[in-house]
Amino acid sequence: MRDIENGVSLCDCEDYDPALLDRAMEAHFADLQADGLLRPGIKAVLKPNLVMKRRPEEATTTHPAVVAAVVRVLRKRGVEHITLADSPGGLYNPGVLSALYASTGMKETAGAEGFSLNLDTGFQNLRAEGAVRCHSFDIINPLAEADLIINLCKLKTHAMTGLSGACKNMFGAVPGLKKPELHCQFPDRAAFGEMLVDLCCLTRPALTIVDAVECMEGNGPTGGSRRHMGLTLAGRNPFSLDLILCRLIGVEPRAVSTCLSAIERGLCPDSPDKVETAGDPVSDYAAVFQPPDSRSVDFTDRAPGFLRRPAAALFKRAAPKPVVRRSDCVGCGKCAESCPQHIITLIDRKAHIQYRRCIRCYCCHEMCPVRAIDLKRFALFR
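For clarity, every value in this text was computed on a predicted model and none was experimentally measured.

Trainee: Help me understand the overall build of the protein, please; the structure alone is not making it clear to me.
Mentor: In terms of helices and strands, the protein carries 13 helices and 15 strands. Over its C-alpha trace the protein gives a radius of gyration of 20 Å, about what one expects of a compact globule, namely 21 Å for 382 residues. In terms of overall dimensions, the protein has C-alpha extents of about 60 × 45 × 40 Å along its principal axes. Buried residues in the protein amount to 55% of all 382 residues. Accessible surface, the protein: about 16000 Å² in total, of which carbon and sulfur atoms supply 50%. Computed over 48 positive and 44 negative side-chain charges, the inter-centroid distance for the protein is 9 Å.

Trainee: Mind showing me how you'd approach the nonpolar core here?
Mentor: Side chains that are nonpolar tend, in soluble globular proteins, to be buried together. Ranked by internal contacts, the top residues of the largest apolar core, which has 100 residues, are L74, F137 and L233. Ranked by size, the runner-up nonpolar core spans 13 residues in total, among them C329, C335, C368 and A372.

Trainee: Any chance you could explain the environment of T83 here in plain terms?
Mentor: Within the element layout of this structure, T83 appears in strand β3 (residues 81–84). Separated by 59 residues in the primary sequence, T83 and P142 place their C-alpha atoms 7.9 Å from one another.

Trainee: Before we go on, may I ask you to explain the pattern of salt bridges in this structure?
Mentor: Close approach of charged atoms allows side chains with opposite charge to pair. Applying the stated criterion across every chain, the model contains 24 salt bridges. Residues E113 and R72 are paired through a salt bridge, measuring 2.9 Å at the closest nitrogen-oxygen approach. Here E113 is found in helix α4 (residues 106–113), whereas its partner R72 is found in helix α2 (residues 64–76), with 41 residues between them in sequence. Judged by relative accessible area, which is 23%, E113 ranks as partly exposed. Each member of the salt-bridge network shares a partner with another, and the members are E26, D35, K76 and R77.

Trainee: What should I look at first to understand the environment of L155 in this one?
Mentor: Within the fold, L155 resides in strand β7 (residues 148–158). The sequence separation of L155 and R360 amounts to 205 residues, and the corresponding C-alpha distance is 22 Å.

Trainee: Looking at this structure, how should I read helix α10 (residues 257–264)?
Mentor: Each turn of an α-helix holds 3.6 residues, which means side chains three or four residues apart point in the same direction. Counting buried residues along α10, 6 of its 8 residues qualify, which places the element largely inside the surrounding structure. Within the span of α10, buried status applies to S257, T258, C259, S261, A262 and I263. Tucked inside the fold, the buried residues of α10 contact α6 (166–169), α8 (189–203) and α9 (238–249). After α10 finishes, the residue G266 shows a positive phi value of roughly 75°.

So, how was this worked out
Numbering of residues starts from 1 in each chain and follows the order in which that chain's sequence is written. Totals for whole chains, interfaces and linings use all residues, but because this is a predicted model, local features are given only for residues with pLDDT of at least 70 and pairs of side-chain atoms are given and counted only at 80 or more. Side-chain metrics in this entry use all non-hydrogen atoms of the structure; hydrogen atoms and water are not considered. Secondary structure follows DSSP: runs of H or I at least 4 residues long count as helices, runs of E at least 2 residues long count as strands, and numbering of each begins at the N terminus. Our radius of gyration is a C-alpha quantity, and the globule rule it is checked against amounts to 2.2 Å times the number of residues to the power 0.38. When accessible area is computed with a 1.4 Å probe and restricted to protein chains, residues below 20% of their type maximum are described as buried, those above 50% as exposed, and intermediate ones as partly exposed. Values of accessible area rely on a 1.4 Å probe in the Shrake-Rupley scheme; residue burial ignores everything except the protein chains shown. Note on charges: Lys and Arg go in the positive column, Asp and Glu in the negative column, and His and the chain ends are not counted at all. Every charge is mapped onto a representative atom, which is NZ of Lys, CZ of Arg, CG of Asp or CD of Glu. We call a set of buried residues a nonpolar core when its members are Ala, Val, Leu, Ile, Met, Phe, Trp, Tyr or Cys and they connect through side-chain atoms within 4.5 Å of each other. We count a salt bridge whenever a side-chain nitrogen from Lys or Arg sits within 4 Å of a carboxyl oxygen from Asp or Glu. Any two residues whose heavy atoms approach within 4.5 Å are treated as being in contact.

This is the structure in structure tokens:
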């Protein structure tokens, strides 16, 4: 590969067999000349997608077998100090993290492969030089202090951003309930995407590896359906990698707010066609994933000038809203805990949403452990 800084490596991986994953990781490191990122005594931090307590086979979180393969390829190259760290949605404390590691298979994998699981819940406020939208972030300690960050994302659709990939995965660098604050500060999708790009530029993952063996389509990142792709990908530039992920799931990159912001800033090419790839051809895997129910229907920019304001009001009303299925709600309060507007209350042990101040961030839908919150559109636009 000539352009290792922006190129993307793809490798067939039909399942999570360790031998197949080891072969894939070696191919990615060779294609991207990733050995050059390593040095003696380096502190490497692996940043998976551990959004909530889910079993590996549910395709919501990064599969522990992928983590194990990355650890083995690093150990083979002499890296000894390896820590896995993420801040899930909701509370961020040692008890929550321990339960998360156990449910997602990371505790068992850490014991077998000999890497550390982060239980430090401290964080640091770091200034984001050159940021467009958000100029400082609270970042969890292991990522703030890492010598090398390897971003281990899961390929999924996403109800708010459209794509849960390389850039979006770094949102887990923000501790716990600080995330809803950013949702509240940047409720608009475009602004939220710009903020995520600012964050990704600040944390600067040196290498991103994508678990696309089993993916999620539909109402991701937690409420969708599993979809098999049988692939792993890797890249040094998370924004170029996201362009290829868009191609794989049949999404126009400019319809994904993070991709649009990265393109406009010149952080990646303006088309997946301009991203050099190595390994298996993208065309062998490209498909059309079921989009989330929250996909936009807003075409007010095409309306005549005098109609744009009433049209905008109509489409704001038409935006999908989260709706609680009371029969399935268990009254755990996770939705209320994650709501940036604090508009969800428990009445008779069932969640109740006050829609007047709802910003359509879908955090409640994302964090519901029993999938009892649907995204429903005004009937005219279904």
